[in-house]
Amino acid sequence: MNADYGVPTELAGPLQQRRALYQPRLPPCLQGATVRVEYDDATTTIDPTGAHAVAQAFPRTYGQRLVTFLSPDDTAGAVKAVNEVGVVFSGRQSPGGHNVVWGLHDALKVYNPQSILYGFIGGTEGLFANKTLEITNDVLASYKNQGGFDLLGRSIDQIRSSKQVSAAMTTCQDLNLDGLVIVGGVTSNSDAAQLAETLVQKNCKTKVVGVPVSLNGDLKNQFVETTVGFDTVCKVNSQLISNVCLDAISAGKYYYFVRLMGRKASHVALECALQSHPNMLIMGEEVALSKLTLMEVINKICDGVQARAELGKHHGVLLIPEGLIESIPEMYALIQEISILHNNNVPVTEIPTQLSPWAAALFQFLPPFIRRELLLHQESDNSAQLSQIDTEQLLAHLVEAEMIKRTKEGRYKGKKFSSVCHFFGYQARGSLPSNFDCDYAYVLGHISLHMIAAGLTGYMATVANLKDPVHKWRCAAAPLTAMMSVRRHLRGPGAIPIGKPAIHPSPIDLKGKAYELLREKASSFLLDDFYRTPGGIQFEGPGSDAKPITLTIEDQDYMGDIEMLKLYLDKVKTIVKPGCSRDTLKAAISSMISVTHVLTVMSHPLNAELPLYHFN
Ligand SMILES: O=P(O)(O)OC[C@H]1O[C@](O)(CO)[C@@H](O)[C@@H]1O
């Protein structure tokens, strides 16, 4: 490792050093210097009613075709020159981000050994100020397969105002960049689309490419299966949660309230719940859909505590996403009022006095620490600083008050309720990335180069078939405008669009398989304490290639935990006899699990014995 960049070899830990030697895998189409580019259909947007608005906002980059990258053959055309490329960490640090830079560097050097890759130091601020570091093998050495974004650092996740866009363009021109790779989540990629459009309009040659890197897992749509970092962050947090579960059951006296990162969507919380089986998960999407008030959420938790106390259990683990606070209708309305006052430049100290009467009453009801946190300056997307709001402490505080009340009223006869609060957030972002994230990011880095070489701008690098081994991954590029939608106040013909078209975070699909699985298991999670210990991330040997549970579930029919499946099959055999009809078998399985999983269980390869029960 180079002493000038990163930790000198002699100071790096053995695992750190060993991870730096891991060579990420590439699908066959990326193993040469060039690729064959196949153009598919022209795109519209994922929001059909917003297509017109997107087309108007992005006249030069809307409607571009989907692109697939394949292994080169004789039909490959002349290759374009790529000499200078820039890369910027625009979004928040997410494990694997360094490998995007590494993958881009390697692909670029194979494509054109004379080329230069510039990394912008200090994120978007570095891009605006043209502060660069030339990325070389030496520079990369101690950052390969390592967590964090410390190779280049990051700043504000915004390339939006006309001043910022024109500063970015000036840098692209000054460095004569053929391409600019923007690494980040929904906000960064929306900005990438805007920058691409502007550069085309201004005849600037730089091609703008977005790469989906975000621990939140909310940049998910028909083109993007998951984001870099989500897998690692869920694995790290799931391990911590399972440790806390075992601590809880050992002493039997505390309720652990754990808040997880992920911003508005609850993907991290859902994945961690499926991995570690805590007692409760309060998802923002569920609360928003049912319009649960703060006190209804509290009562729901207290009912769970009470049901467990009736079984003699006075401990438990509850997960919440950091976005929960914004999903509670009255809290959302309060946050919106504060946001408007912020946007009107009302001094923070005066905001409480300018709230509407009902918002002021709610604000006063909240504990002082929450009031202070709600008033913090906003994020670049105008939302509250969710990572800074201790929602888990607010819930623990209100649950305790409600349990005391129930005790006084004689409705609760269990032991005194005690809580311990955690925020599992920042500690996971610097984690060593899983093999999946190392490979995925490295592949996306390669794809970015081929996108620039193909002259694509306003596109995102994508990989499909991620649930399969790397050699089956499908490398592609999708126009950023195709992922955009327009927010509306109301649904239907009278709907009023709000704001510009953008890539919005995808919430949990409450009709999806992952959520359905959680619902099926919810009452067992609440009462049985079947805590699951996924353990630390495996880098070698069995388990090292494990994929996020949700990716597997969403992408193919749910196979279930192997143990769970065996259990079903054993039970089936006690209910029906060999040679029974398919309908009898189906009915027997349906009596145990939801109908949607019946056929999957019946056709699972594990089910070697079911042919005995075969049917037509
Ligand atoms: O590093 P910062 O600026 O505090 O950002 C925190 C935010 O970034 C994320 O980690 C990723 O978007 C969020 O979950 C969190 O709210």
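Since this is a predicted model, take the numbers as computed values, not measurements.

(A) Quick peek at the UniProt feature "domain: Phosphofructokinase" (unreviewed entry) in the chain. Here the UniProt-annotated "domain: Phosphofructokinase" (unreviewed entry) positions come out as residues 85-445. As annotated, residues 85-445 has a helix share of 50% and a strand share of 12%, and its two end C-alpha atoms lie 12 Å apart.

(B) Region of the structure containing the packing of helix α9 (residues 267-276) against helix α19 (residues 513-528). Two elements in contact, α9 and α19, have axes whose closest approach is 11 Å; the angle formed by their N-to-C orientations is 50°. In this view, α9 runs oblique relative to α19, as classed from their interaxial angle. In this structure, α9 crosses over α19, and the sense of that crossing is left-handed. Here Leu-270, Ala-273 and Leu-274 of α9 lie close against α19, whose contacting residues are Ala-514, Tyr-515, Leu-517, Leu-518 and Phe-525. For the contact of α9 with α19, the per-class residue count stands at eight nonpolar, no polar and no charged.

(C) Representation of the side chain of Arg-259. Residue placement: Arg-259 occurs in strand β8 (residues 255-260). A polar atom in the side chain of Arg-259 sits 3.2 Å from the backbone oxygen of Ser-387.

(D) Quick peek at empty space enclosed by the protein. For the structure shown, the criterion picks out three cavities of 30 Å³ or more. Looking at the largest cavity, its volume works out to about 80 Å³. Together, Gly-217, Lys-220, Glu-225, Thr-226, Phe-230, His-267, Leu-270, Ile-508, Pro-548, Thr-550 and Leu-551 line the largest cavity. Secondary-structure elements contributing two or more residues to the lining of the largest cavity are α9 and α20 (549-555). Class assignment of the residues belonging to the lining of the largest cavity gives a composition of five nonpolar, four polar and two charged. Considered as a void within the structure, the second largest cavity measures approximately 60 Å³ in volume.

(E) The arrangement of the site of the ligand in detail. If you check the shell around the ligand, you find Arg-92, Arg-154, Leu-215, Asn-216, Met-261, Gly-262, Arg-263, Glu-322, Ser-387, Tyr-426 and Arg-429 and nothing else. Between the ligand and Asn-216 there is a distance of 3.0 Å, counted from an oxygen atom to a side-chain nitrogen or oxygen. When the ligand is considered free in solution it has 400 Å² of accessible area, and contact with the protein chains removes 88% of it. When grouped by side-chain class, the residues that make up the shell around the ligand number three nonpolar, three polar and five charged.

(F) Quick peek at the environment of Glu-84. Mapped onto the elements of the fold, Glu-84 is located in strand β3 (residues 84-89). Taking the C-alpha atoms as reference points, Glu-84 and Thr-206, 122 residues apart in sequence, are found 9.5 Å from one another. Non-local contacts of Glu-84, meaning those with residues more than four positions away in its chain, are made with Ile-116, Tyr-118, Leu-175, Asn-176, Leu-177, Asp-178 and Gly-179.

(G) A look at the sheet that holds β8. Taken in spatial order, the four strands of this open sheet run β9-β10-β8-β11, and their pairing is parallel. Either end of the sheet is taken by a strand with one partner, and the two such strands are β9 (280-281) and β11 (419-424). Of the strand pairs in this sheet, β8 and strand β10 (residues 316-321) are connected by six bridges, and their pairing is parallel. Its bridge partner being in β10, Leu-260 is matched across the sheet by Pro-321.

(H) Here's a closer look at the confidence of the model for the chain. Confidence along the chain averages 91 in pLDDT terms, with 88% of residues attaining 70 or more. Every residue in residues 593-599 scores below 50 in pLDDT, and together they form 14 contacts with partners more than four places removed in sequence or on other chains. Note that pLDDT drops below 50 for residues 605-616; the model gives that stretch 28 contacts with residues more than four away or on any other chain. What the predictor reports for the complex is a pTM of 0.89 with an ipTM of 0.97.

(I) Structural detail: the environment of Met-484. Within the secondary structure layout, Met-484 lies in the loop between β13 (474-479) and β14 (485-488). Taking the relative accessible area as the measure of exposure, Met-484 reaches 0% and is therefore buried. Separated by 25 residues in the primary sequence, Met-484 and Tyr-459 place their C-alpha atoms 12 Å from one another. Once residues lying within four places of it in the same chain are set aside, the contact partners of Met-484 are Thr-45, Ile-46, Asp-47, Val-54, Phe-58, Ser-190, Ala-193, Pro-501, Ala-502 and Ile-503.

(J) View of the packing of aromatic side chains. In the structure shown here, the tally under the stated rule is nine aromatic pairs. A ring pair is formed by Phe-89 and Phe-149, whose centres lie 4.0 Å apart and whose planes are at 15°; its orientation type is stacked. With Phe-89 in strand β3 and Phe-149 in the loop between α5 (137-140) and α6 (162-174), this residue pair connects regions lying 60 residues apart in the sequence. For the residue pair Phe-89 and Phe-149, the accessibility class agrees, reading buried in each case.

(K) Representation of the pairing of strand β12 (residues 459-464) within the structure. Most of β12 is tucked away, with six of its six residues classed as buried. Burial along β12 is two-sided: the residues Tyr-459, Ala-461 and Val-463 and Met-460, Thr-462 and Ala-464 are all buried. Where strand β7 (residues 207-212) meets β12, two bridges bridge the pair, whose relative direction is parallel. Directly across from Gly-210, in β12, lies its bridge partner Met-460. When β12 meets β13, the two strands line up antiparallel, connected through six bridges. Its bridge partner lying in β13, Tyr-459 is registered against Pro-479.

Procedures and definitions
- The numbering scheme is per chain: residues are counted from 1 as the chain's sequence reads.
- Only residues with pLDDT of 70 or above have their local features reported here, since the model is predicted, and side-chain atom pairs are shown and tallied only from 80 upward, although totals for entire chains, interfaces and linings are computed over all residues.
- The side-chain values count all of the structure's non-hydrogen atoms but skip hydrogen atoms and water molecules.
- UniProt positions are given in the numbering used here, feature names are shortened, and annotations may be inferred rather than shown by experiment.
- What counts as a helix is a DSSP run of H or I of at least four residues, what counts as a strand is a run of E of at least two, and both are numbered from the N terminus.
- To define axes, lines are fitted to C-alpha atoms, for helices over the stretch in contact only, and angles between the resulting N-to-C directions are given on a 0 to 180 degree scale.
- Small angles under 35 degrees read as roughly parallel and large ones over 145 as roughly antiparallel, with 65 to 115 read as roughly perpendicular and the rest as oblique.
- By the definition used in this description, the sense in which the near helix is turned from the far one sets the handedness, with an anticlockwise turn below a right angle giving left-handed and a clockwise turn giving right-handed.
- Contact between two residues is taken to exist if any of their heavy atoms lie within 4.5 Å; hydrogens are not considered.
- Under the convention adopted here, Pro, Cys and the residues Ala, Val, Leu, Ile, Met, Phe, Trp and Tyr are nonpolar, Asp, Glu, Lys and Arg are charged, and Gly plus all remaining residues are polar.
- Residues adjacent in sequence count toward polar contacts only when both atoms are side-chain atoms; beyond that, a polar contact is any pair of N or O atoms within 3.5 Å, and within protein one must be able to donate a hydrogen and the other to accept it.
- Think of a 1 Å grid over just the protein atoms. A cavity is a set of points where a 1.4 Å probe fits yet cannot get out, a pocket is an open set with protein on both sides within 12 Å along at least five of seven lines, and lining residues have an atom within 4 Å of a point.
- Grid points are joined across faces, edges and corners, and a volume is the space filled by probe spheres set on the points.
- Residues are classed as near a molecule or strand on a simple rule: at least one heavy atom within 4 Å of it.
- Calculation of accessible area relied on Shrake-Rupley with a 1.4 Å probe; when residues are assessed, cover is drawn exclusively from the protein chains displayed.
- The pairing criterion for strands is at least two bridges between them, as found by DSSP.
- The predictor reports its confidence for every residue as pLDDT, a score running from 0 up to 100.
- For each residue, the accessible area found with a 1.4 Å probe, counting protein chains only, is set against the maximum for its type, and the residue is called buried under 20%, exposed over 50%, and partly exposed in between.
- Here a Phe, Tyr or Trp ring, Trp counted by its six-membered ring, pairs with any other such ring whose centre lies within 6.5 Å, and the pair is stacked when the planes are under 30 degrees apart, edge-to-face when over 60, and tilted otherwise.

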